[in-house]
Amino acid sequence: MAIGMETGSVMGLILILLGYPTWAALDVTIPSAKMEVKEGSPAEFRCSFPPNIKSVRVEWKFVNSDSETSFVFYDGSLTAPYKDRATSYLQGFTLNSVNVNDRGEYSCEVAGIGTDEKPVYGDAKTQLFVIAPPGPLSTVVPSSVRTGSKVELQCLETGGYPEPTFTWYRNKAPLNPKAPNATYTINKGVLTFAQVTPADGGEYYCDAVNNMGKQVSGTIRMDVSDVNVGGIVAAVIVVLLLLAVIGFGVWYAYSRGYLGKKTNKKVIYSQPSETRSDKNFQQTSSFLV
């Protein structure tokens with residue numbers, strides 16, 4: 001059951017409905033502010049408060065890693081997502097088998113009527129960490145970069161606890177950022193070259209390791225060159241497209257008669273008239289065809 005922003009504090013709302021403008025603080029405690037439980041094992045959540053509280057109402061809330069809030073125990077019973085995987089009792093509940101999605105903050109909220117017949121309210125929180133091997137890895141590796149540019153390669157993992165240690169490999173050899181001639185740094189899975197060189201090209205992959213297990217990523221090749229190959233290819237494609245458009249335009253204009261066609265002109269000469277006295281061969285008339 002998700003909690004909407006308009007709901008606010010359920011316990012505070014209950015107390016307002018009881019007709020009291022204020023309430024006294026109630027001492028609510030949880031055994032530990034931090035719990036570490038191995039994946040697949042049970043996790044017990046319980047809170048303590050004075051026994052002489054009347055009309056006691058106990059609720060448990062859960063805030064996950066995305067800051068989304070939901071109810072675990074509400075209105076005297078477990079909510080739907082927990083009914084088949086938890087056991088409840090007045091002051092708490094037990095998750096029968098935890099998984100990585102159960103990581104987050106759990107809070108116990110208690111309201112009731114104190115010995116002075118005035119409302120009381122209190123809460124306490126604990127953080128659950130689920131011990132698990134690293135989850136599947138994903139990598140971000142550029143396929144082609146220019147010499148001298150800054151380049152970052154990312155090895156991404158979610159789910160592993162304790163936080164895993166990351167190692168990057170180039171051509172199957174591990175990279176050591178503490179080596180005297182190292183031209184890169186590695187910080188929580190991010191491999192950074194301040195100024196990449198042709199020698200930094202090759203096949204890259206990473207792994208993540210904690211005391212629960214290990215994950216290895218796939219291999220991706222990164223080429224380093226002095227020429228922006230991608231830019232040149234893009235420019236060639238653009239030029240070819242422009243030439244194709246121009247050629248089509250010329251053909252279309254010619255086929256539609258927008259460009260003039262050459263005509264053959266003929267000159268016809270007539271023979272000299274028999275009646276001319278000089279009888280010399282001279283042009284007497286002409287016309288164009």
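This section reports on the structure supplied with the text. (Residues numbered from 1 in each chain as written. Predicted model: local features only at pLDDT ≥ 70, side-chain atom pairs only at ≥ 80, totals over all residues. Heavy atoms only, no water.)

Before going further, it helps to spend a moment on a nonpolar patch on the surface. A contiguous nonpolar patch, built from Val236, Val239, Leu240, Leu243, Ile246 and Val250 and spanning about 550 Å² of accessible area, is present on the exposed surface. Secondary-structure assignment places Ile246 in helix 2 (residues 229–255). Residue Ile246 is classed as exposed on the basis of its relative accessible area, which comes to 54%. (Patch = residues over 30% accessible without salt bridge, like charges linked within 9 Å, V, L, I, M, F, W, Y side chains within 5 Å. Areas by Shrake-Rupley, 256 points an atom, 1.4 Å probe, with all protein chains shown as cover. Salt bridge = Lys/Arg side-chain N within 4 Å of Asp/Glu carboxyl O. Helix = DSSP H or I, 4+ residues; strand = E, 2+ residues; numbered from the N terminus. Buried < 20%, exposed > 50% of the residue type's maximum accessible area, 1.4 Å probe, protein only.)

For the structure shown, the criterion picks out 11 salt bridges. A salt bridge links Lys61 to Glu109; the shortest N-O distance between them is 3.1 Å. Taken together, the positions of Lys61 in strand 4 (residues 54–63) and Glu109 in strand 9 (residues 104–113) put the pair 48 residues apart, joining distant regions of the chain. Assigned by exposure class, Lys61 and Glu109 land together as buried. The closest approach of N and O atoms between Lys125 and Asp123, which form a salt bridge, is 3.4 Å. For Lys125, a relative accessible area of 43% puts it in the partly exposed group. Residues joined by salt bridges that share partners form a network here, namely Arg57, Glu59 and Asp75.

Pairing within the open sheet is antiparallel, and its 3 strands lie in the order 3-8-7. Edge strands, defined here as strands with exactly one partner in the open sheet, are strand 3 (43–46) and strand 7 (86–89). Across the sheet, the axes of successive neighbouring strands diverge by a mean angle of 10°, strand direction being ignored. Judged from the 4 bridges that link them, strand 3 and strand 8 (residues 92–95) form a sheet pairing that is antiparallel. Bridge assignment links Glu44 to a residue of strand 8, and that residue is Thr94. (Pairing = 2+ DSSP bridges. Axes fitted to C-alpha atoms, helices over the stretch in contact; angles between N-to-C directions.)

This part covers the packing of aromatic side chains. With the rule as written, the count across this model stands at 12 aromatic pairs. Plain terms: the ring middles of Tyr184 and Phe193 are 5.8 Å apart, the flat faces sit at 65° to each other, and that makes the pair edge-to-face. There is no split in this pair, since Tyr184 and Phe193 are both buried. For the pair Phe193 and Tyr204, a centre-to-centre distance of 6.4 Å together with 80° between the ring planes defines the contact as edge-to-face. Placement of Phe193 in strand 17 (residues 190–193) and of Tyr204 in strand 18 (residues 202–210) is noted, with a sequence separation of 11 residues between them. Assessed through its relative accessible area of 0%, Tyr204 is described here as buried. Members of the aromatic cluster, connected to one another through ring pairs, are Phe45, Trp60, Phe62, Phe93 and Tyr106. (Phe/Tyr/Trp six-rings, centres within 6.5 Å; stacked < 30°, edge-to-face > 60°.)

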